[in-house]
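# Architecture and fold: a report
Residues per chain, in single letters:
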Amino acid sequence: MSAVRTPLANHRRIVIKIGSALLVDRKTGLKSRWLEAVCADIAALKAKGIDVLVVSSGAIAMGRTVLDLPSGALKLEESQAAAAVGQIALARAWSESLSRHRIVAGQILLTLGDTEERRRYLNARATINQLLKIGAVPIINENDTVATTEIRYGDNDRLAARVATMTSADLLVLLSDIDGLYTAPPHLDPEARFIEIIPAITPEIEAMAGGAASELSRGGMRTKIDAGKIATGAGCAMIIASGKTDHPLRAIEEGTRSSWFAPSGTPVTARKTWIAGQLQPAGELFVDEGAENALGTGKSLLPAGVRRIEGNFHRGDTVAIIGADGREIARGLAGYDADEARQITGRKSAEIEAILGYAGRAAMVHRDDLVITGSVRKTKKEGRKEDAAHA
Ligand code: GLU
């Protein structure tokens, strides 16, 4: 067993994400035998003192079978109605199956706003933590009945990663119909190689994520890698494993093939975790190489290093910072509204007062409000002098 692959029992708090296709059969509905087996696995983990949270998909799939809807894409209101019907059945199934092990289940339905807005995020976190404190297993899903396109996660992979970081879990297990990460989508490329250990999510790893998703589920490998970035950046390890066997958690313990993503060595603070996990940054700051170097060494982002700004954001909104080669390298809270930020783009911090008419902050994004989310080039070359002076 490698250093990355450690026994599940070594973890303190585990979030388990379960894909729709594992729980619901298109024709026969709920796969109760599988659910019973996974609940036995959860009970075994809990008996070892581990906190367990479940992010369960399947509301829409379940509603589809209950309502006998035809296959194919659903309109938004149809999938919302299906979710409303399916979620009740799904939650009841979890509650009943866990109760056979004397475990209490608590349902939590989240929308994007519950994790993006700081105050609502703190509220949701407090409720989930209270459930864990009393020994219950939170059964979490997106509140599909009210979430519309602009305000939804749409996939439970990223939602589960958000839940993991929100609750400071140390392991996220994504159970789906694929057993892990391959160098290319295995159903399309016979040469695709399986990758067991992923020490860091590099651009090469990101490039391996294909699109694919089945009819019952939304998340393909893309959303799993996105989930990995959110989780590992916050110091939470992640596993992608097949849930197709009964007792999938026990199978992981017994060494079944799965992909393990190492947590980043330096977990950031809870506040920075929240910044990094924001799904919809309000704008983008395109920076030059000098600024990219400076960010890599822990400095603030100064207006001088910004080349171009996109989006319409306010001070305090999350913005993505895009490196010289077009990839996102960091996220942070904007120190200026977008129109002011545009006026001081490329200018020295000493000029800010003359341009804006007031002495603003030296940094466009202060290092305390900034978190590296991509790989930053760290060349030997010194960052520009001014960066060193201010940050
Ligand atoms: N929230 C959706 C459901 O419960 C599933 C989203 C997903 O498959 O990732 O039906």
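Quick look at the structure, then.

## Considering the overall build of the protein chain
- A tally of helices and strands in the protein chain yields 15 helices and 17 strands.
- A compact globule built from 391 residues should have a C-alpha radius of gyration of about 21 Å, and the protein chain, at 22 Å, falls within 12% of that.
- A principal-axis box enclosing the C-alpha atoms of the protein chain has dimensions of 70 × 45 × 45 Å.
- In the protein chain, buried positions account for 53% of the 391 residues.
- For the protein chain, contacts bridging at least 24 residues in sequence account for 74% of all contacts bridging at least 6.

## Looking at the sheet that holds strand β16 (residues 328-333)
- Taken together, five strands build an open sheet; the order of strands is β14-β13-β15-β16-β17 and the sheet is mixed. Of all the strands in the sheet, just β14 (306-311) and β17 (370-372) have a single pairing partner and so form its edges. The average angle at which neighbouring strand axes cross in this sheet is 20°, direction not considered.
- Pairing geometry for β16 and β17, over three bridges, is antiparallel. The residue bridging R331 from the neighbouring strand is V371, located in β17.

## Focus: the site of the ligand
- In the neighbourhood of the ligand, 12 residues make up the surrounding shell, with A59, I60, N141, D144 and N156 lying closest.
- In the environment of the ligand, a nitrogen atom lies 2.8 Å from a nitrogen or oxygen atom belonging to the side chain of D144.
- One nitrogen or oxygen atom from the main chain of N156 is found 2.7 Å from an oxygen atom belonging to the ligand.
- When the free accessible area of the ligand is taken as 300 Å², the share hidden by the protein chains comes to 97%.

## What to know about the side chain of T165
- Of note, T165 is situated in helix α7 (residues 156-166).
- Those residues in contact with T165, other than ones at most four positions away along the chain, are Y121, I230, A231, A234 and T273.

## Let's talk about the pattern of salt bridges
- Overall, the coordinates contain 20 salt bridges when judged by the stated rule.
- Residue E351 is joined to R347 by a salt bridge in which the shortest nitrogen-to-oxygen separation is 3.5 Å.
- For R347, a relative accessible area of 35% gives the class partly exposed.
- Shared partners join several salt bridges into a network, and the residues in it are E206, R222, D226 and K229.

## Describing a nonpolar patch on the surface
- A contiguous nonpolar surface patch, about 220 Å² in accessible area, is contributed by V66, L67 and V85.
- Relative to the helices and strands, V85 is located in helix α4 (residues 76-99).

## Focus: the packing of helix α2 (residues 32-47) against α4
- For the pair α2 and α4, the least separation of the axes is 9 Å and the interaxial angle reads 55°. In terms of orientation, α2 lies oblique with respect to α4. Once α2 is placed against α4, the crossing between them reads as right-handed. Counting all contacts with α2, which are made through L35, E36, V38, C39 and I42, the residues of α4 involved are A93, W94, S97 and L98.
- Here the residues of the contact of α2 with α4 sort into seven nonpolar, one polar and one charged.

What counts, and at which threshold
- Residues numbered from 1 in each chain as written.
- Predicted model: local features only at pLDDT ≥ 70, side-chain atom pairs only at ≥ 80, totals over all residues.
- Heavy atoms only, no water.
- Helix = DSSP H or I, 4+ residues; strand = E, 2+ residues; numbered from the N terminus.
- Rg over C-alpha atoms; globule rule 2.2 N^0.38 Å.
- Buried < 20%, exposed > 50% of the residue type's maximum accessible area, 1.4 Å probe, protein only.
- Contact = heavy atoms within 4.5 Å.
- Pairing = 2+ DSSP bridges.
- Axes fitted to C-alpha atoms, helices over the stretch in contact; angles between N-to-C directions.
- Near = heavy atom within 4 Å.
- Polar contact = N/O pair within 3.5 Å; in protein donor to acceptor, adjacent residues only side chain to side chain.
- Areas by Shrake-Rupley, 256 points an atom, 1.4 Å probe, with all protein chains shown as cover.
- Salt bridge = Lys/Arg side-chain N within 4 Å of Asp/Glu carboxyl O.
- Patch = residues over 30% accessible without salt bridge, like charges linked within 9 Å, V, L, I, M, F, W, Y side chains within 5 Å.
- Parallel < 35°, antiparallel > 145°, perpendicular 65-115°, else oblique.
- Left-handed = near helix turned anticlockwise from the far one by under 90°.
- Nonpolar A, V, L, I, M, F, W, Y, C, P; charged D, E, K, R; others polar.

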